[in-house]
Every structure is written in C-alpha cells, then in structure tokens.
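# Per-entry structural report
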Amino acid sequence: MPTIRIPSSHGAYRVFCSRGALARAESAIEGLGDSTGTFVLSSPNVWRHWGRTLAKRVRGVRANRTFLFDDSESAKNLATVELLCRALSQAGADRRAVIVAVGGGVVGDVAGFTAASYLRGVRLVQVPTTLVAQVDSSVGGKTGVNLPEGKNLVGAFYPPRAVIADFETLATLPHREYRSGLYEIIKYGAIADAELFRFLERHMLPLLRCDPAALAWVIPRCIRIKARVVAQDERESGLREILNFGHTFGHALEAVTGYRRFLHGEAIGWGLYAATLLGLATTRIPESEATRVIRLVASVGPLPRLGAIRAAQLRRILAGDKKARGGRVRWVLPRRIGKVQRGVELPWKLIARTISELAEIDAKARG
Ligand SMILES: NC(=O)c1ccc[n+]([C@@H]2O[C@H](COP(=O)([O-])OP(=O)(O)OC[C@H]3O[C@@H](n4cnc5c(N)ncnc54)[C@H](O)[C@@H]3O)[C@@H](O)[C@H]2O)c1
Ligand SMILES: [Zn+2]
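For clarity, every value in this text was computed on a predicted model and none was experimentally measured. Sequence order sets the numbering: in each chain, residues are counted from 1 along the sequence as written. Ligands are numbered from 1 and chains lettered from A, in the order in which they are written. Per-residue local features are limited, in this predicted model, to residues with pLDDT of at least 70; the limit for side-chain atom pairs, both in listing and counting, is 80 or more; totals at the level of whole chains, interfaces and linings are taken over all residues.

A few words now on helix 2 (residues 44–57). Along its 14 residues, helix 2 runs 19 Å from first to last C-alpha, staying within 8% of the 20 Å computed at 1.5 Å per residue. Along helix 2, the sharpest kink reaches roughly 60°, centred on Trp-50. C-beta atoms are placed from the backbone for every residue, and two residues are taken to be in contact when these atoms lie within 7 Å. Helix and strand labels come from DSSP, where a helix needs a run of H or I of at least four residues and a strand needs a run of E of at least two; each type is numbered from the N terminus. Of the surrounding secondary structure, the elements contacted by the buried residues of helix 2 are helix 1 (25–30), strand 3 (37–42), strand 5 (97–103) and helix 4 (105–117). Helices are assigned an expected span. That span is 1.5 Å times one less than the residue count. Note on bend: the value at a residue is the angle between axes fitted to the seven residues ending there and to the seven starting there.

What follows is the structure, given as structure tokens:
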C-alpha cells in the first residue's frame, strides 16, 4: 500500500493512500501511542455512507464519542468550532485524546482547527472522503474557518499525525463533486509534473468513470507533489505559492458569484483557463503548450457558465486577496507544462482583456 511520509514542524506523518486504506485506520491510530479516547468528527451526510464501515474497522469508534456537524460551507465558522469543543469537553476528551476527522475539506478544515485549538492542541488524524480532500486539503496542515468578511480568515497551521485516504470512499461522492476535484489534479500536473499531465491527457475518460487503476496512479502522485512543496515551505512564505496556480482568479470568481454558482474546483477550472491565457498573453508559455492546458481542462466537461462578471467588483476582490501584498496581486503563471512562475504582477488592462477571452470560451462551449 502506498505510504507517503511528510515532514512537518510538528513531526513527520504518514499518508496511507490506496483502495481499502480504511483497513489501516485502527493500526494507524494505535500507532500514535497512548490515548484516552478516539473522538470522531464528521457530518451526517458522510457518516450515512461511511460511518458503519469505519465503526467496524476501528475499535475505538463509539457512538457517544462521534460528533456530527453540518459540513456546508456556510457552517464552516467559529460557532461550529465552539459547538465541537463543548461536545468534546462534555464527553471528557483530555489532552491525550485523538480526533479523527472523517469527510471532505470542510470537515477536515473545521475538525482540524478544532483539534488545533481544543486544550491548545490534541492529536489529529484525517480521513478525507472527497477527491479534493484526498489530493489537497488533508495534507499540508492548513486548517481554519470562514468569517462573514471572507473565507478561511481564521485558522492554524496544524499538521495531522496521520492521513488515511481510501479511494473507495469516493464511490459515494456526487459526480459533480468528484469532477470538480479533477481540476485540482490538472493543477498539479501543470505546476510540477509533465508526466502526470500526459497521463491525464491519455486517461481522462477512465478518470471520469472513477476507474480504480487510474485513481491509484493519480492520487498518490498528487499527494507526493503537495508533500514535496509543503516540506520546503510549510508556512507559505515562498514556494507554496505555486499551489495557488488557477486560484487567484478562481477565488475571486467564487467571491464575485457569492460562492453559489461554482464548486471550488469548478472555479479553479476557470482559473486554470485564466492563468493560461495570461501566460500566453505575456509570452511566458508557448502556444502549443497553452493549448494542451486549455484542452485538458475542457476534457473534464462543461463548466458552469461564467455569465456576466462584474469586472470592477472582481478587481476589488483581487486586490483584497489574502495573498496579495499591499493590494498588488501576485499571479502564478505557466512557463511550460510542469513549470510555473510565481509572484507575477500584471496590469489590470491585461486581466480585463483575459476576462473577455474567457467569455468567448464560455460562449463557444455552449455552441
Ligand atoms: N486546508 C486546505 O489546505 C484546503 C485545501 C483545499 C480546500 N480546502 C477547503 O475544503 C473545502 C472544500 O472541500 P471539498 O471539496 O472536499 O468539499 P466538501 O467538504 O464541501 O464536501 C462536498 C460535499 O460532499 C459530501 N461528501 C463528502 N464526502 C463524501 C462521500 N465520500 N460520499 C458522499 N458525499 C460526500 C459532503 O457532505 C458535502 O456535501 C472548502 O471549504 C475549502 O476552503 C482546504
Ligand atoms: Zn483549491
């Protein structure tokens, strides 16, 4: 079974990623050493699909130590963290408790921040059940919640002690959620791995069908890329910025549409188009390579409509991006497949022109 070791400031941890990895959950949790109890944090939705399997596989999982919370993006807030901390306290969780987060990125971020804060930090095990969570959010130690003022504005770098990514759990994921994770996978190929990119070009159809062999090739490969990047830059002071490829525009698009029109990955799909067009317009990437990126993104299927974007609002949001420095946006742009340049500043005129080009792609996709 592929096991990936990730170094971190809190100590190295292992990611068990395979079909059937849940069978390793009990030994992974026991391997953490002395514990006074396993406390599961999950959502009613995820638990309905996977609760029974997990309870069967992990001896320490008990109903009175399992807390289910709403994992919609609107409940990813401090109120939910408080509820969970109180539930843990009432259930007698002490410093030597282990929190097991079972779910997608929302569960992982909320439960992770709860684990980071409760009693100033208790051990955390991530069991990601979405494609996004398996290739991205469960690895790297970022946890947090939203404020009414913006997404992920309160949080902590708090690496887990183990991650158990079982591809089988993806079988129950709604197809739209699954598909939106494929854009994040394309991102990894585009920023760091030309071979992964070629694999995606050849195997998008089996991947869209959740083919086990294709997933088993792709998911560990993405986790390894993320591991390599965060090992070099755990707290996002430099290299980790490359993971933001497609995200500058994608995040702004999510915000400008009130987080309703696009799933995160879908906004990143548009963001990948935007970054590629900007790379092309600034002659950073040859046209033949840019075309490959555009084709691969398109091969995942139609994205929700871009529609009319209010450019002025988008501009304001871009300038306020968490990663902007002093209002200057730092773009990550492609150089060739597998290589990007970070920290690029661009004139607004160019961005405005790219938005019109995106509108053309949008119109063409609808015939
Ligand atoms: N911490 C990080 O580094 C990081 C990275 C990327 C994204 N994120 C965060 O992750 C969140 C998005 O996460 P996501 O894309 O995993 O979606 P999600 O957590 O919102 O889950 C999507 C939906 O799928 C359901 N679901 C989850 N697993 C399922 C399964 N196996 N079967 C059936 N249904 C299942 C959930 O209940 C939910 O309705 C965002 O809040 C984002 O900010 C964090
Ligand atoms: Zn993302």
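More follows now that the structure is in view.
Another point: the site of ligand 1. Here, nearness is defined through the C-beta atom: a residue counts as near a molecule or strand if that backbone-placed atom lies within 6 Å of it. Near ligand 1, the surroundings consist of 27 residues, among which Gly-104, Gly-105, Thr-130, Val-132 and Ser-137 are the closest. Counting residues per element, the ones that place at least two in the shell around ligand 1 are helix 2, helix 4 and helix 5 (131–137).

We now examine the packing of helix 3 (residues 78–90) against helix 4. At their nearest, the axes of helix 3 and helix 4 sit 10 Å apart, and the two run at 55° to each other. Classified by the interaxial angle, the pair formed by helix 3 and helix 4 is oblique. The element helix 3 and its partner helix 4 pack so that their crossing is right-handed. Contacts between helix 3 and helix 4 involve Thr-80, Val-81, Leu-84 and Cys-85 from the first element and Val-110, Phe-113, Thr-114 and Ser-117 from the second. Note on geometry: axes are C-alpha line fits, over the in-contact stretch for helices, and angles between N-to-C directions span 0 to 180 degrees. Any angle between 65 and 115 degrees counts as roughly perpendicular, while under 35 counts as roughly parallel, over 145 as roughly antiparallel, and the rest as oblique. In this scheme the handedness of a crossing depends on how the near helix is turned from the far one: anticlockwise by less than a right angle means left-handed, clockwise means right-handed.

For the rest of this paragraph, the subject is the pairing of strand 6 (residues 123–128). In terms of burial, strand 6 is a largely internal element, six of the six residues being buried. For the exposure call, what matters is how many other C-beta atoms sit within 10 Å of a residue's own: 20 or more marks it buried, 12 or fewer exposed, and in between partly exposed, using C-beta atoms placed from the backbone. Neither face of strand 6 is open: one carries Arg-123, Val-125 and Val-127, the other Leu-124, Gln-126 and Pro-128, and all of them are buried. Sheet topology places strand 5 next to strand 6; six bridges connect them, and they run parallel. Counterpart to Ala-101 in the pairing with strand 6 is Gln-126. Running through helix 4, the crossover from strand 5 to the neighbouring parallel element strand 6 is right-handed. Two strands form a pair only when DSSP identifies at least two bridges running between them. As paired elements, strand 6 and strand 9 (residues 162–166) share two bridges and run parallel to each other. Looking across to strand 9, one finds that Gln-126 is bridged to Val-163. Throughout, right-handed denotes a crossover for which the path from the first strand over the helix to the second runs clockwise when the strands point away from the viewer.

On to the pairing of strand 10 (residues 331–336). Two elements, strand 10 and strand 11 (residues 339–344), share four bridges in a ladder whose sense is antiparallel. Its bridge partner being in strand 11, Leu-333 is matched across the sheet by Gln-341.

A word on the environment of Ala-252. Note on placement: Ala-252 falls in helix 9 (residues 247–256). Assessed through the 26 C-beta atoms surrounding it within 10 Å, Ala-252 is described here as buried. Leaving out residues up to four positions away in the same chain, Ala-252 has contacts with Leu-314, Ile-317, Leu-318 and Asp-321.

The start and end points of each domain follow an automatic or database-based domain assignment. In terms of domain boundaries, the protein breaks down into domain 1 (3–172) and domain 2 (175–365). Taking only C-alpha atoms, the centre of domain 1 and the centre of domain 2 are 27 Å apart. Contacts between the two partners involve 24 residues from domain 1, matched on the other side by 23 residues from domain 2. Every element with two or more residues in the side of domain 1 that touches domain 2 is listed here: strand 1 (3–6), strand 2 (13–18) and helix 5. No other element matches the five residues that helix 5 contributes to the side of domain 1 that touches domain 2. We call Asp, Glu, Lys and Arg charged. Ala, Val, Leu, Ile, Met, Phe, Trp, Tyr, Cys and Pro are nonpolar, and the rest, Gly among them, are polar. Split by residue class, the side of domain 1 that touches domain 2 holds 14 nonpolar, seven polar and three charged.

Backbone hydrogen bonds are what pair the strands of a sheet, in a parallel or an antiparallel way. Read across the open sheet, the seven strands follow the order 1-2-9-6-5-3-4; overall the sheet is mixed. Where the open sheet ends on each side, the last strands, each with one partner, are strand 1 and strand 4 (66–68). Pairs of neighbouring strands in the sheet enclose a mean axial angle of 15°, with direction left out of account. Where helix 2 meets the sheet, its contacts fall on strand 3, strand 4 and strand 5, and the angle it forms with strand 5 comes to roughly 115°. Contacts from helix 8 (residues 212–232) reach strand 1, strand 2 and strand 9, with the element oriented near 10° to strand 1.

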